[in-house]
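Summary of structural features
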Amino acid sequence: MTHADQSTPATIIPAEHRADVETLWDYHNMHHELRPCDIGIGLGSHDLGVAIIATDLYHRGYFPRIVFTGANAPTTIERFPRGEAVHYAEYAIENGVPRNAVLIEPQASNTQQNFELTRKLLDDCNFDIRSAVVMSRPYQQRRAYATAKKVWPDLDVICASNPVALTDYMHSIGSADKVINMLVGDTQRIELYAERGFAVRQDMPHSVRSAYSRLAAAGYTARIV
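Conventions used here
- Residues numbered from 1 in each chain as written.
- Predicted model: local features only at pLDDT ≥ 70, side-chain atom pairs only at ≥ 80, totals over all residues.
- Heavy atoms only, no water.
- Helix = DSSP H or I, 4+ residues; strand = E, 2+ residues; numbered from the N terminus.
- Rg over C-alpha atoms; globule rule 2.2 N^0.38 Å.
- Contact = heavy atoms within 4.5 Å.
- Areas by Shrake-Rupley, 256 points an atom, 1.4 Å probe, with all protein chains shown as cover.
- Lys, Arg positive; Asp, Glu negative; His and termini not counted.
- Charge placed at Lys NZ, Arg CZ, Asp CG, Glu CD.
- Salt bridge = Lys/Arg side-chain N within 4 Å of Asp/Glu carboxyl O.
- Pairing = 2+ DSSP bridges.
- Axes fitted to C-alpha atoms, helices over the stretch in contact; angles between N-to-C directions.

Details of the overall build of the protein
For the protein, the count of helices and strands is nine helices and five strands. Listed N to C, the secondary structure of the protein is α-α-β-α-β-α-β-α-β-α-β-α-α-α in terms of helices and strands. Taking 17 Å as the expected radius of gyration for a compact globule of 225 residues, we find that the protein reaches 17 Å, a close match to that expectation. Considering only C-alpha atoms, the protein reaches an extent of 50 × 45 × 30 Å along its principal axes. Put simply, of all contacts in the protein between residues at least 6 apart along the chain, 79% involve residues at least 24 apart. Per element, the accessible surface of the protein, about 10500 Å² overall, is 48% carbon and sulfur. Within the protein, the 26 negative side-chain charges are centred at a point lying 4 Å from the centre of the 22 positive side-chain charges.

Shown next, in the form of C-alpha cells:
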C-alpha cells in the first residue's frame, strides 16, 4: 500500500506548508549516532513510538535497563489513561523486555520533571549512571537534549526516536494539524525555555526561524506558550 493510499485528509500536510514543516522536523532531529549507554530513558508523550524504539534498542543491547517517565497531559489522557510511563512499560514487557529491566517514573508532567525525577529514581536505586539514550517523539529530541543538559549536565546524552518518515508519522498520529501545532510549539520552546533557565541554549538557523514564523502566522499556534 502506498503512502497516498494510507493518507486521509486529516493526515495530509497542506502543500503550501510542507517545506516549512519539513524544515522544523529536521531541525528537531539531533542526528545522533547510537552507542551503548548505561540507561535508556523513554519520555512520556502521546507517541507509542517511544516505547517501540526503547524496546527495540534494549533488545539490540544499547542499554541494560529502561526508565519510562511520564504521568499524563491533556493530549495523552484518553490514549494512555493509566499514565504514559505505565502504558510504555506495559508495551515493553509485552514485547520481551524483562520486568526487572523496566523502571517506571509515573509523576513527571513536563520534560524538566522527566529528568529530575528519573535522576532521583536512579540515585535511589544506587545505579551509577553516566550516559543515557534519551528516547522521545521525533520532534522533541532537541528540547529533550537541551533540558537534560541543563538538569543533568554531567550526563552523556544520545537522542533517539522511532525512525519514521514525516508522512508516515502524520498517519500514525492521525492528525497533521496536531503534529504541526506540536512542531511549532516545540520550536518556540527551544529559545523560550533557555531564556527562562529551563534548558541550555541551542543554535537556531534563520531558515528555522522563518519556517516557524510562517507556520505560526498561518494559525498553527495551539501549542505556543
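Quick look at the pattern of salt bridges
All told, the structure shown has 10 salt bridges when counted by the stated rule. Between Arg82 and Glu90 there is a salt bridge; the shortest N-O distance is 2.7 Å. One continuous salt-bridge network, built from bridges that share partners, spans Arg137, Arg143 and Asp186.

Re the sheet that holds strand β1 (residues 39–43)
Taken in spatial order, the five strands line up as β3-β2-β1-β4-β5 in an open sheet, and their pairing is parallel. Edge positions in the sheet fall to β3 (102–105) and β5 (156–160), since each of these pairs with one other strand and no more. Averaged over neighbouring strand pairs, the angle between their axes works out to 25 degrees when direction is ignored. Pairing between strand β4 (residues 131–135) and β5: five bridges, direction parallel. Pairing of Ala132 across the sheet is with Val157, part of β5. Sheet strands touched by helix α3 (residues 49–59): β1, β2 (66–69), β4 and β5. Its angle to β4, the strand with the most contacts, is close to 140 degrees. Packed onto the sheet, helix α4 (residues 84–94) meets β1, β2 and β3 and runs at close to 170 degrees relative to β3.

Interpretation note: all reported values are geometric properties and have no functional meaning in isolation.
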